[in-house]
Amino acid sequence: MPTQVRGVYADIYAWENLYTAYLRAAHGKRSQDAVARFERRLEDNLVALQDELAQGTYQPGAYTNFTIHESKRRVISAAPFRDRVVHHALCQVIEPAFEASFIFHTYANRVGKGTHRALDACQAWTRQYRYVLPCDICQFFPAIDHHTLKQQLQRRIQDGDIRRLMALILRSGEGILRQEYEMVYYAGDDLWAALRPRGLPIGNLTSQFWANCYLNEFDHFVTRELGCHAYLRYMDDFLLFADDRATLWAWRGAIVERLARLRLTLHETQAVVRPVTEGIPFLGFTIFPTHRRLKRRRGIAYQRKLRLLLAAYARREIGREAIQRSVLGWINHVRYGDTWGLRLAVLNRLRLSGQV
C-alpha cells in the first residue's frame, strides 16, 4: 500500500505550521513589497488566514503573470503572497509521504538534490555507459491533466478537507497556461477531451511538488519495469543510459506508450540514442565524460542581462548590491562547468565599469 499522509487538515492551519510556512515563503524575498506589507501586520494576517482555513472560507487570489525568455520562453505565474504561505503550509503536511516514495535520482525541487547534483550524476554515468537516451516532455506544465493528478494524490491522502484544499488550489490555476498548450488527442478521446482541466502554473511551490508526484509512477516504471539502473530526471528532462543502442531504442518505444497514459507526449525528434562521447545537452550544459561546457546561448544570455543591469545602475535605478548578487549567483552556477575564461571575461567587464 502506498505511504499515506499521516497529517490531518487541522495540521495545515496549526499556528506553528503556518508561521513556519510564512518564514519559508518569505525567505530571500523580504525586500518585495507584497512580503513587506504582509510582514507589517504579520500576526493579524496569519490569524486571518488561520480562521479562513479553519472555517473553510479561504479562497485563492488572482495570479500575476509575466513572461521570461531564459533558454526558452516561459509564462511564469506568481500567486499572492498569502496564497504562497498556504502552499507551504499544505506541502509541509503532505510532502513527507510522497517524498518517501520518490526514487533517489530525481533532482528537481527536493532537499539535498538540485541542478548541480543532477549534473554530477549525469557525468558519472557518462563514464560508466556507452550510450544515452536524452528525453524531455512537450508542454509539460500546460499538459498536466487535473483528473489524473488528483487520482495520484488521493491514493495517499484520505482526509477529505485536505483533498478539498488541494482541489481549490488546483482550480485556481486552471486555464492560466491554456494558450501555451497545443491540443493532443490520445487513444479513446472524443472531442470533449479538449475541455479537460489541465495545466499547473509555473512558479507555484505546489506546482513544482505536484509535477514530481505526477511523474513518480513513471520513474518507477523506468527503473523497475524497464530495468534501467542508470536513469535520472530533473523535472521533465530525463536521461537513460545503457551499453547498447538496441536496449535504449526499445525503452524509448515503451516510454512513449507509458507517457500517453499520463496524457503526455515525448519530444520524439530530440529523443535519439547517441554515444555519450558526443556530449549530452542537460540543464544548460553539455556534459562529456571528461568535461562540461556551458551552452553558448546561456553565456550570451547572461552577458546581455548584465549589460541591462549595468545600464540600470548607470540610471540609478538599482544599487551596486543588485549587480553583485546577480553576478555571484551566476558564477556559483557556471563554475560547475569548464567556464574559467567566461567568468574572467564577465569580471573584467565589471572592473571596466567600476562595479567590483
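For the structure, check the block above.
Residues numbered from 1 in each chain as written. Predicted model: local features only at pLDDT ≥ 70, side-chain atom pairs only at ≥ 80, totals over all residues. Heavy atoms only, no water.

Asker: Honestly, the environment of F104 in this entry has me stumped. Any pointers?
Answerer: When you line up the elements, F104 lands in the loop between α5 (81–99) and α6 (115–126). A relative accessible area of 57% places F104 in the exposed class. Distance in space between the C-alpha atoms of F104 and L232 is 8.5 Å, their sequence separation being 128 residues. When near neighbours in sequence (up to four residues on either side) are disregarded, F104 contacts R110 and K113. (Helix = DSSP H or I, 4+ residues; strand = E, 2+ residues; numbered from the N terminus. Buried < 20%, exposed > 50% of the residue type's maximum accessible area, 1.4 Å probe, protein only. Contact = heavy atoms within 4.5 Å.)

Asker: Please explain the sheet that holds strand β5 (residues 237–242) as it appears in this structure.
Answerer: Across a sheet, paired strands are connected by hydrogen bonds in the backbone, their directions being either parallel or antiparallel. The strand order β4-β5-β3-β6 describes an open sheet built from four strands, whose pairing is antiparallel. Pairing within the sheet leaves two strands with one partner each, and these edge strands are β4 (231–234) and β6 (274–275). Contacts between α6 and the sheet are confined to β4 and β5, with β4 contributing the most and set at about 155° to the helix. Across the face of the sheet, helix α12 (residues 245–261) comes into contact with β3 (131–136), β5 and β6 while running at roughly 145° to β5. (Pairing = 2+ DSSP bridges. Axes fitted to C-alpha atoms, helices over the stretch in contact; angles between N-to-C directions.)

Asker: Before we go on, may I ask you to explain empty space enclosed by the protein in this structure?
Answerer: Empty space among the atoms becomes visible once a probe the size of a water molecule is rolled across them. Counting across every chain of the model gives one cavity of 30 Å³ or more. There is about 40 Å³ of room inside the largest cavity. As for the largest cavity, its lining consists of Y63, I169, L170, G173, L200, P201, N204, T206, S207 and W210. When residues of the lining of the largest cavity are traced back to their parent elements, those giving at least two are α9 (160–172) and α10 (205–214). Among the elements that line the lining of the largest cavity, the one with the most residues is α10, at three residues. Across the lining of the largest cavity, the residue classes break down as six nonpolar, four polar and no charged. (1 Å grid on protein atoms, 1.4 Å probe; cavity = no way out; pocket = protein on both sides within 12 Å on 5 of 7 lines; lining within 4 Å. Points joined across faces, edges and corners; volume = space filled by probe spheres on them. Nonpolar A, V, L, I, M, F, W, Y, C, P; charged D, E, K, R; others polar.)

Asker: Quick question: what am I supposed to make of the side chain of H87 here?
Answerer: On the secondary structure map, H87 appears in helix α5. The residues touching H87, leaving out its near neighbours within four places in the chain, are A79, I169, N204, L205 and T206.

Asker: Hey, could you run me through the nonpolar core in this one?
Answerer: Taken as a class, soluble globular proteins show a tendency for nonpolar side chains to be buried jointly. With 105 residues, the main nonpolar core has I94, W210, L240 and F282 as its most contacted residues. Tallying contributions element by element places α5 first for this core, with ten residues. The residues touching W210, leaving out its near neighbours within four places in the chain, are L90, I94, L149, L153, M166, I169, L170 and L200. (Core = buried A, V, L, I, M, F, W, Y, C linked by side-chain atoms within 4.5 Å.)

Asker: How should I be thinking about helix α4 (residues 42–55) in this particular structure?
Answerer: Given a rise of 1.5 Å per residue, 14 residues ought to cover 20 Å, and the 20 Å separating the end C-alpha atoms of α4 matches this to within 8%. If you check which residues of α4 are buried, you get L42, L46, L49, Q50 and L53. Angularly, the buried residues of α4 cover 100° about the axis, an arc narrow enough to put them on a single face. Check the buried side of α4 and you find it contacts α1 (9–13), α2 (15–26), α3 (33–40), α5 and α9. Where α4 terminates, the next one or two residues include G56, which has phi positive at roughly 75°. (Expected span 1.5 Å × (residues − 1). Arc of directions from axis to C-beta.)

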